[in-house]
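Listed below are the residues making up each chain.
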Amino acid sequence: VLVGTLVGDTFQGPQQTRAPQASLDGYSQSQDAAARGAQLIIGSYRPGYDASSQALRYTLAPTVVSVGLTSSTGAQSETLNAGDVVYATVVMSESVTVTGTPQLTLNVGGSQKAASYVSGSGSNTLLFSYTIQSGQTDTGGISVDANSLTLNGGSITDAVGNAATLTHSSVTDNASYKVDTTAPA
């Protein structure tokens, strides 16, 4: 089931772009308008007036396209140890501007750990990092729970100021990013 908003535009004629005439009431003023077709908008949108084309434009809020664990430093045989860094990438539907330090929560051995925003503002790809701590273990591999991207007091917006929709799918245990910080016996 798709959920959205049906948006219909009405073309504004030259009479509608002029200031109302003080001597005439709203019924007497000439208004030219021609109905146009409607479109189903999936997601949230923000209307804005484009002065150059003299048209009302709708821009969709940026959304999360994908989330994934993409690299690490220090891993040996696909296993991370204390002090190693794992990187996660969030791909957005369009370029975004990031302020503050949003976070992506990783699931490391059943414990929720916050990966902090590192870079990507001005692009559609955001990079997050988390440093593995002593005492952590995840034999199946790190995963990312659904909808675990948070603003943490910051913001993620597109060029016209639409706040990003942060919902996303989960990422199952990734065996390429196992965690074992236990010293060998």
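Everything below is about the structure printed above this text.
Below: a short report on this structure. (Residues numbered from 1 in each chain as written. Predicted model: local features only at pLDDT ≥ 70, side-chain atom pairs only at ≥ 80, totals over all residues. Heavy atoms only, no water.)

## Observations regarding the nonpolar core
Here's step 1: The biggest cluster of nonpolar side chains holds 28 residues, and the ones touching the most others in it are Val90, Leu104, Leu106, Leu126, Phe128, Ile142 and Ile156.
Here's step 2: Those elements that place two or more of their residues in this core are β5 (64-73), β7 (85-92), β9 (103-108), β10 (111-119), β11 (125-131) and β13 (142-150).
Here's step 3: It is β7 that contributes the most residues to this core, 4 residues altogether.
Here's step 4: In this structure, Phe128 is in contact with Val86, Tyr87, Ala88, Val90, Pro102, Gln103, Leu104, Ala115, Ser116, Tyr117, Val118 and Leu149, ignoring residues within four places of it in sequence. (Core = buried A, V, L, I, M, F, W, Y, C linked by side-chain atoms within 4.5 Å. Buried < 20%, exposed > 50% of the residue type's maximum accessible area, 1.4 Å probe, protein only. Helix = DSSP H or I, 4+ residues; strand = E, 2+ residues; numbered from the N terminus. Contact = heavy atoms within 4.5 Å.)

## Digging into the pairing of β7
Here's step 1: Across the 8 residues that make up β7, a large majority, 6, are buried.
Here's step 2: Note: β5 against β7, 8 bridges, orientation antiparallel. Following the sheet pairing, Leu69 is matched in β7 by Ala88.
Here's step 3: For β7 and β11, the ladder comprises 7 bridges, and the chain directions are antiparallel. (Pairing = 2+ DSSP bridges.)

## Notes on the sheet that holds strand β12 (residues 137-138)
Here's step 1: Pairing is mixed in the open sheet, where 3 strands are placed in the order β6-β16-β12. In this open sheet, the two strands that pair with only one neighbour each are β6 (79-80) and β12.
Here's step 2: Here β12 pairs with strand β16 (residues 178-180) via 2 bridges, running antiparallel. Opposite Thr137, over in β16, you have Asp180 as the bridge partner.

## Some points on the sheet that holds β7
Here's step 1: Overall, antiparallel pairing links the 7 strands, which are arranged β5-β7-β11-β10-β9-β13-β15 in an open sheet. Two strands in the sheet have a free side with no partner beyond their single neighbour: β5 and β15 (171-174). With direction set aside, neighbouring strand axes in the sheet form an average angle of 30°.
Here's step 2: The sheet contact formed by β13 and β15 spans 2 bridges and is antiparallel. Among the inter-strand pairings, Ile142 is bridged to a residue of β15, identified as Asn174. (Axes fitted to C-alpha atoms, helices over the stretch in contact; angles between N-to-C directions.)

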